[in-house]
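Working through the structure, step by step
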Amino acid sequence: MSLFNSKTLRPRREYAVADLIETARMMRGYNLVSLCAASSGHAGGTLSIMDITAALYLKIANHDPENPSWEDRDRIIWSTGHKAPSLYLGLAFAGFCKLEDVMLLRKLSSPFQGHPHWLKLPGVEVSTGSLGQGLSIAVGIALAGRLNNKQLRTFCIMGDGEQQEGQIWEAAMEAAHYKLDGIVGIIDNNRLQIDGPVSEVMGVDPLEEKYKSFGWRVVRIDGHDMKQVVDALSTKPDGSGRPLLVLAETVKGKGVSFMENVAGWHGKTPNRDEMIKGLTELRVLEKVPYEELLKHAARYQATIGEKLTAKMPKFKRDYWWNVPGTMPVKMEPTRKGFGQSLAEHGDDERIVCLGLDISGSITISDFYAGKPNRKPRWISMGIAEQSATSAAAGLAKEGKLPVFGTYATFAAARNLDQIRTSICYGNFNVMIAGAHGGVSVGPDGATHQALEDLFAMCGLPNMAVVVPCDIVETKKATDFLLLKYIGPKYIRFAREATPIVSAAATPFEFGKANVIRLRRKAENFVDAFDTVPASKFANEDEDLTIIACGPMVPEAMRAAVILKEERGLETRVINMHTLKPLDEAAIIRAAKETGIVLTAEEHQIGALAWPVSNVITASEEVYGHPVITGAIGVKDRFGDSGAPWELIKEFEVSAEHIAQKALHLQKRKREAAVA
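Report on the accompanying structure. All values reported here derive from a predicted model rather than from experimental measurement.

Orientation of helix α10 (residues 272-281) relative to helix α11 (residues 290-311), taken along the N-to-C sense of each, is 140°, at an axis distance of 12 Å. The pairing of α10 with α11 is recorded here as oblique in orientation. Judged by the twist between their axes, the crossing of α10 over α11 is right-handed. Of the residues in α11, those in contact with R272, M275, I276 and L279 of α10 are Y290, E291 and L294. Split into classes, the residues belonging to the contact of α10 with α11 amount to five nonpolar, no polar and two charged.

Next comes the structure, spelled out in structure tokens:
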């Protein structure tokens, strides 16, 4: 059964195998359109899992689209959360949501987030995205079902590369130990992950034997043979209490010839021509109304643009990056500076780089690219952040210079205990790259947007923390941390291309802030400013100070332009590239000399704001000097899917918001002076 009517306890519709085959083909077509409309997402895995999606949502699982919270429903957990479009299409074809609305995938304020969010879309059981956690959730749900005397099935969809996460095996052990035979684990065994073949990145086979050794029943099937899929997922408990694993052999990119078995299509989406070619190969070009679907997405996007424009602070003119009439600026992803440094210094035999499956994206693979002699010092650890962290400590213990990195939320949160105990407590010389920091990560959404990592890293004894402002400074910071700083060290950088506001000659000294001053109109944005070490800067009686780190430094500089042109205000911008150790002298001088200190961070407010405020309030030098403080940053909320620069506006961390806050503080300063 499936698509149950929870009131009459009768099926709403019965699907034959032939119906499911045709529906899965249509779902693949709609999937291509949604990915094209989003220009972001994961094509390969969403196509490989689609036959299982169709079977689960339309025939196997008991659930009611008119009563998504029906307590007797079966539960479907998508541990492999990046395949969310498949989940959304399963829900849409089952009647939980409108099919055309799935085309709003990864757009700002859409319930169809880059990774599933159960609080935004009925039918989504849990929020997922950080790999390896879903099977543990399934264990908890199954245990609750037993306590509530419910005969539920809990399906958990996982990837084969995901089996590299240690938590999977903890959950596998628990499910068997507690005889949770209502759990059905499903592995999309397409044998490819971001960095390449699973067998080469970090082999997980023999999965069948491993799960059996943990006390599971295992059924191996062709994941594209619908009859095998239906039969396997219909398997009932055999009375032994053993949970069931369905090991589905699939093809990544199934149904689209140029995507099939190509690792590069893991996190890639089709353009319009590729979409049409894919629809043609799937034989659904005339059945999927792609033109109207793309228009639907475009109309929604236009509405979002209008809403963002309406909520932005208003000034006399548009000061946004590179709009007509502004000083132009070049942009490059800061992450490239990290890769450039590793490529330049990688001949040092002590350096060992550990890959965690998004190697190309964070540019750590530049260490060995085109340099096969370095490959022995490239150690692929797969999707296993916790183990890799402690392994790095072991390498450092023996005199190596280990470097590892991944999304900052996985590099500094999932493995926090390992960083604390294995690395910091032993004071080992390990370099950690927290890539894709902040909301500007974009469409991947909240699970992949690190907004809390700096709290953790700055709070660890022995840990040094650097947040460079652009690609140039990222290379300089990596150069220093890699070869000159000894001890635990964390460097955080963004994914999106951001303004280049420094040059080779710009000073960079670890632990010492720079002061940036707007001096002139210039042909290029960067040339309008002078940068000097804060220790060498002479007081100019500026009206206020903005202290920023990372990509917020360019935003602070642009805010200085707005404040100068709109109100004639002079701004001392401080690039606090090193958060730990903090340049306290620069903060104290700014507080005394300008009387207003505004911090700006692409992070939950507090990683920068609280230490700065603490320095001001604790300094005897500032006693007797009236100082007004303020903070720009994310306001105690999770991220969202959307385009990177949309999110900068939505989360109110743009230069316009900095300038608006500065004007408010300036007003309060004047009012206090009059009083």
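Structure's up, so let's keep going.
In space, the five strands of this open sheet follow the order β3-β4-β5-β9-β8, with parallel pairing throughout. Every interior strand has two partners, whereas the edge strands, β3 (75-78) and β8 (217-222), have only one. Strand-to-strand twist in this sheet, taken as the mean axis angle between neighbours without regard to direction, amounts to 20°. Taken together, the six bridges between strand β4 (residues 154-159) and strand β5 (residues 183-189) define a ladder with parallel strand orientation. The residue bridging C156 from the neighbouring strand is G185, located in β5. Of the strands in this sheet, β3, β4 and β5 are in contact with helix α5 (residues 134-147), which crosses β4 at around 175°.

What follows is about the nonpolar core. Ranked by internal contacts, the top residues of the largest apolar core, which has 117 residues, are V33, L56, Y88, I186, L233 and F525. With 11 residues, the single largest contributor to this core is helix α1 (residues 17-38). Aside from chain neighbours lying at most four places away, what touches Y88 is C97, V102, L105, P111, F112, Q113, H115, P116, L121 and V124. Membership of the second largest hydrophobic core comes to 48 residues, among which are F404, C424, I432 and L582.

Parameters and conventions
Residue numbers restart at each chain and count upward from 1, following the sequence in its written direction. Reporting in this predicted model follows two pLDDT cut-offs: at least 70 for local features of residues, and 80 or more for side-chain atom pairs to be given and counted; totals over whole chains, interfaces and linings ignore these cut-offs and use all residues. To obtain the side-chain values, all non-hydrogen atoms of the structure were used and water was disregarded. Each axis is a line fitted through C-alpha atoms, and for a helix only the stretch in contact is used; angles between axes span 0 to 180 degrees, taken between their N-to-C directions. Counting from the N terminus, the helices are DSSP H or I runs at least four residues long and the strands are E runs at least two residues long. For classification, angles of less than 35 degrees are called roughly parallel, those exceeding 145 degrees roughly antiparallel, those between 65 and 115 degrees roughly perpendicular, and all remaining angles oblique. Put simply, a crossing is left-handed when the front helix is turned counterclockwise from the back one by less than a right angle, and right-handed when it is turned clockwise. We call two residues contacting when some pair of their heavy atoms lies within 4.5 Å. When residues are sorted by character, Ala, Val, Leu, Ile, Met, Phe, Trp, Tyr, Cys and Pro go into the nonpolar class, Asp, Glu, Lys and Arg into the charged class, and all the rest, Gly among them, into the polar class. By definition, two strands form a pair when at least two bridges between them are found by DSSP. We call a set of buried residues a nonpolar core when its members are Ala, Val, Leu, Ile, Met, Phe, Trp, Tyr or Cys and they connect through side-chain atoms within 4.5 Å of each other. Burial classes follow relative accessibility: with a 1.4 Å probe on protein chains only, a residue under 20% of its type's maximum area counts as buried, one over 50% as exposed, and anything between as partly exposed.

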